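Listed here are the chains, written in short residue letters.
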Amino acid sequence: MIILGIETSCDETSVSAVKASNDKIEILSNVVSSQVKLHAKWGGVVPNLAAREHLKNIIPVLEESLEKASIKREEIDLISVTQGPGLIPALLVGTNFAKTLSYLWKKPLIGIHHIEGHIYANFVGLSNKKSEIKFPILALVVSGGHTQLVLMKDHLKYEIIGETQDDAVGEAFDKVARILDLGYPGGPIISQESEKFNGKSNINLPRPMLNSKDFNFSFSGLKTAVLYATKDYKEKKSLSSSFISEMAHEFQEAAVEVLVKKTMKAAEKYNPKTIMLAGGVSANKELNKQMKESIKNNFPNIIFLTPKSQLSLDNAAMIATAGYYRWKNMNSSQKKEFLENWKLLQADAGLKMK
Ligand code: KG4
Ligand code: ZN
């Protein structure tokens, strides 16, 4: 079957066509139109500006996606759209567009939780039949809005065993980049700056909640520590490139250490067969390296999954993939109801993962 995915929850307009055959997902197209440059001027995503850009781009992105996939609309079996969470003006563009297509083309419509999409990005290219996907899965969700440890005993079954008490880790990367005058979005820039530093650092940043008994996180204190250390430095000298790369490096080390250690601690308790990364911060090289090493050293039998390139950041292929797994789980009368879902589906900025 062919699934059309639509994602507009934040600052990427994306439409993708994926093909599921023998339970294996293959991407036919995954067009992403990024608004990063537009929002960079404002130091973060401006919701109404994002909505306006989504409106402008969504039809050309759909056309390009269908063309790249070499498919006609008749071949589409299901439309899968991000329902939430996200910025409501942005979500409304994607959901209304998907509802219109569902009505006009008479295709079933399914709403997907954005984080469920990030998790399912890991399953692209894997075959369910050959049981390449082994449960229970422990997923470390790290994005601009979320930092969670999620236990999945089976497909579509989520138990949040820990989460951030304040800022999400991606948000902390973005805020630290702003403190260091590096622009938006912070993640990729902090990561690049960090690579430039290869000495012994004199900066000591805290590792918040590293030894707490639960599986929760906190990144707000870490960001504040960067702010104060940078202020102190600026009182003495102007920001130098060596200070920036040292601070970026130290911040990334602190964040990665907490993420990896907490994941190992959760693995000890829950005995997963697979550990995966999901969300924008899963593009971070150092996080991938340290997580992989730590799993190899502590739990050599656990499989490590991380999204393939282009699938870490927001995209519609992950939404289409999650849609396929939801669809596959339904009986025929449920499937029939989803033909009428264009009447019911509502964007929900605070959608909870169920
Ligand atoms: O998943 P995502 O694209 O959007 C949300 O669902 O929030 O994640 C965006 C976040 C941003 O905070 C961005 O700074 C961060 O992911 N990010 C990174 C990297 N690339 C993107 N963080 C660390 N290292 C990266 N290479
Ligand atoms: Zn995302």
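Attention here is on the structure that accompanies the text. (Residues numbered from 1 in each chain as written. Chains lettered and ligands numbered in written order. Predicted model: local features only at pLDDT ≥ 70, side-chain atom pairs only at ≥ 80, totals over all residues. Heavy atoms only, no water.)

## Let's talk about the coordination of the zinc ion (ligand 2)
The protein atoms donating to the zinc ion (ligand 2) are His114 (NE2), His118 (NE2) and Asp314 (OD), with metal-donor distances spanning 2.0 to 2.1 Å. Along the chain, the residues that donate to the zinc ion (ligand 2) are spaced as H-x3-H-x195-D. You can see histidine 114 and its partner histidine 118 sitting in helix α4 (residues 114-120), four residues apart, about one turn around the helix. Comparing histidine 114 with histidine 118, the two get one shared label, buried. (Donors = N, O, S within 2.8 Å, 3.2 Å for Na, K, Ca; no water. Helix = DSSP H or I, 4+ residues; strand = E, 2+ residues; numbered from the N terminus. Buried < 20%, exposed > 50% of the residue type's maximum accessible area, 1.4 Å probe, protein only.)

## Let's talk about the side chain of glutamate 12
Mapped onto the fold, glutamate 12 is located in strand β2 (residues 12-21). Look at glutamate 12: it is buried, it has no salt bridge, and the nearest opposite charge is lysine 37 at 11 Å. Within the local environment of glutamate 12, its side chain forms a polar contact with the side chain of serine 34, the two groups lying 3.0 Å apart. Among residues more than four places away in sequence, those in contact with glutamate 12 are Glu7, Val32, Ser33, Ser34, Gln35, Val36, His54 and Asp314. (Lys, Arg positive; Asp, Glu negative; His and termini not counted. Salt bridge = Lys/Arg side-chain N within 4 Å of Asp/Glu carboxyl O. Polar contact = N/O pair within 3.5 Å; in protein donor to acceptor, adjacent residues only side chain to side chain. Contact = heavy atoms within 4.5 Å.)

## Some points on the site of ligand 1
Taken together, 18 residues form the shell around ligand 1, and within it His118, Gly144, Asp174, Gly187 and Gly280 come nearest. In the environment of ligand 1, an oxygen atom lies 2.8 Å from a nitrogen or oxygen atom belonging to the backbone of glycine 144. One of the side-chain N or O atoms of asparagine 284 is found 3.0 Å from a nitrogen atom in ligand 1. About the coverage of ligand 1: the protein hides 88% of its 550 Å² of free accessible area. Looking at the shell around ligand 1 residue by residue, the class counts come to five nonpolar, eleven polar and two charged. (Near = heavy atom within 4 Å. Areas by Shrake-Rupley, 256 points an atom, 1.4 Å probe, with all protein chains shown as cover. Nonpolar A, V, L, I, M, F, W, Y, C, P; charged D, E, K, R; others polar.)

## A look at the nonpolar core
Formed by 47 residues in total, the largest nonpolar core has its most connected members in Ile190, Phe251 and Leu287. Where this core is concerned, the elements lending two or more residues are β6 (137-142), β7 (147-152), α5 (169-179), α6 (186-196), α7 (220-236), α8 (241-270), β9 (274-278) and α9 (285-298). No other element matches α8, which puts 14 residues into this core. In contact with isoleucine 190, not counting residues within four places along its chain, are Phe173, Val176, Ala177, Leu180, Leu182, Ala248, Phe251 and Gln252. Counting residues in each nonpolar core, the second largest holds 37 residues, with Leu78, Tyr120, Leu126 and Leu305 among its members. (Core = buried A, V, L, I, M, F, W, Y, C linked by side-chain atoms within 4.5 Å.)

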